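Spelled out, the chains give:
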Amino acid sequence: MKTRKALVVLSGGQDSTTCLFWAIDRFGKENVSAIGFDYGQRHKLELECAEKIAKKAGVKYEVAETPIINKLSANSLTRSDIPVEETKPEGAPPNTFVEGRNMLFLTYAAIYAKTHGITDLVTGVCETDFSGYPDCRDIFVKSLNVTLNLAMDYNFVIHTPLMWITKAQTWELADRLGVLDIIKNETLTCYNGIAGDGCGHCPACTLRRRGYEEYMEMKKCTK
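The structure presented is a predicted model; accordingly, all values stated were derived computationally and were not measured.

Trainee: Whenever I open this one, the nonpolar core confuses me. Can you help?
Mentor: The nonpolar side chains of a soluble globular protein tend to be buried, and buried together. Ranked by internal contacts, the top residues of the largest apolar core, which has 32 residues, are Leu20, Phe21 and Val32. When residues of this core are traced back to their parent elements, those giving at least two are strand S1 (6–9), helix H1 (14–27), strand S2 (32–38), helix H2 (45–57), helix H6 (167–176) and helix H7 (180–186). The element best represented in this core is H1, accounting for seven residues. In this view, Leu20 contacts Val8, Leu10, Val32, Ala34, Ile53, Ala54, Ala57 and Val59; residues no more than four positions away in its chain are not counted.

In structure tokens:
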């Protein structure tokens, strides 16, 4: 049987890093590689975090430049003159939503994967604890999976290990994989570009901290 290889879309944040170690556990380190994207994001530190984490994990990591996203989408993650909204507007995604980002990232990842004989793509999108981003939904991922297979005549499988779990359960998964400290201290989730525990008040930090506190309380109760 042919060995399956996996490519992880790795941003250096909590979710994608947890998925990296999930992929290593599932496919074996020798069969896992990772890709990141430089799309003109305000905080390039996330790519540095991703590179260090991949090196520590012992997997190959490459960064692809995709600046077109920055030119086409006006949002607070690519524009320094747009402040990060700390509350979600009624009936619309927050201004941290980068239009088409996950669609493009997975498409670029699929192109890279096919040319390297990789069939399995892994992404950290999540519908349970998402921020109102339409491209984090399960229906979108399944639709894109079919489209990529048809467009490239190739049997990709897109894995979303976090799709139906909460942030507390994501912390639990990291702990089970033995990488809780790496996720807590070495990833960058913060919309204001601060690694580890972050700024503490942007939506990403609030969600991350609440999930961590919930998991720590769950863990304490089970002892």
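Alright, that's what it looks like, and here's the rest.
Trainee: Just checking my understanding: could you explain the UniProt feature "binding site: ATP" (unreviewed entry) in the chain for this structure?
Mentor: The UniProt feature table records "binding site: ATP" (unreviewed entry) at Leu10, Ser11, Gly12, Gly13, Gln14, Asp15, Ser16, Thr17, Thr18, Cys19 and Leu20. Relative to the helices and strands, Ser11 is located in the loop between S1 and H1. Here Ser11 is in contact with Ser16, Glu46, Leu47 and Ala50, once residues within four sequence places are set aside. Looking at Ser11, its side chain comes within polar contact range of the main-chain nitrogen of Gly13, at 3.2 Å. For Thr18, the location among the structural elements is in helix H1. Looking at Thr18, the relative accessible area reads 0%, which means it is buried. Excluding residues that lie within four positions of it along the chain, Thr18 makes contacts with Leu162, Thr170, Leu173, Ala174, Leu177 and Ile183.

Trainee: Where do I start with the pairing of S2 in this structure?
Mentor: Consecutive residues of a regular strand have side chains that alternate between opposite faces of the sheet. When you tally the buried positions in S2, you get seven out of seven residues, the bulk of the element. Alternating positions in S2 separate into two faces, Val32, Ala34, Gly36 and Asp38 on one and Ser33, Ile35 and Phe37 on the other, with burial throughout. Note that S1 and S2 share four bridges and pair parallel. Across the sheet, residue Val8 finds its bridge partner in S2, namely Ala34. In terms of handedness, the path from S1 via H1 over to S2 forms a crossover that is right-handed. Here S2 runs beside strand S3 (residues 60–65); their pairing, made up of six bridges, is parallel. Its bridge partner being in S3, Ile35 is matched across the sheet by Glu62.

Trainee: Can you walk me through the environment of Ser16 in this structure?
Mentor: Take Ser16: it is sitting in helix H1. A relative accessible area of 6% places Ser16 in the buried class. Put simply, Ser16 and Val122 are 106 residues apart on the chain and 8.4 Å apart in space, counted from C-alpha to C-alpha.

Trainee: Mind showing me how you'd approach H2 here?
Mentor: Given 3.6 residues to a turn, an α-helix orients residues that are three or four positions apart in the same direction. For H2, which comprises 13 residues, the first-to-last C-alpha distance of 18 Å matches the rise-based estimate of 18 Å (1.5 Å per residue) to within 8%. Among all positions of H2, only Glu46, Leu47, Cys49, Ala50, Ile53, Ala54 and Ala57 are buried. One face of H2 carries all of its buried residues, which in axial projection span an arc of 155°. Opposite the packed face of H2, turned more than 90 degrees from it, sit the exposed residues Glu51, Lys52, Lys55 and Lys56. In the stretch just after H2, Gly58 is the one whose phi turns positive, near 80°.

Scoring rules and cut-offs
Residues numbered from 1 in each chain as written. Predicted model: local features only at pLDDT ≥ 70, side-chain atom pairs only at ≥ 80, totals over all residues. Heavy atoms only, no water. Core = buried A, V, L, I, M, F, W, Y, C linked by side-chain atoms within 4.5 Å. Buried < 20%, exposed > 50% of the residue type's maximum accessible area, 1.4 Å probe, protein only. Helix = DSSP H or I, 4+ residues; strand = E, 2+ residues; numbered from the N terminus. Contact = heavy atoms within 4.5 Å. UniProt positions renumbered as here; feature names shortened; annotations may be inferred. Polar contact = N/O pair within 3.5 Å; in protein donor to acceptor, adjacent residues only side chain to side chain. Pairing = 2+ DSSP bridges. Right-handed = clockwise from strand over helix to strand, strands pointing away. Expected span 1.5 Å × (residues − 1). Arc of directions from axis to C-beta.

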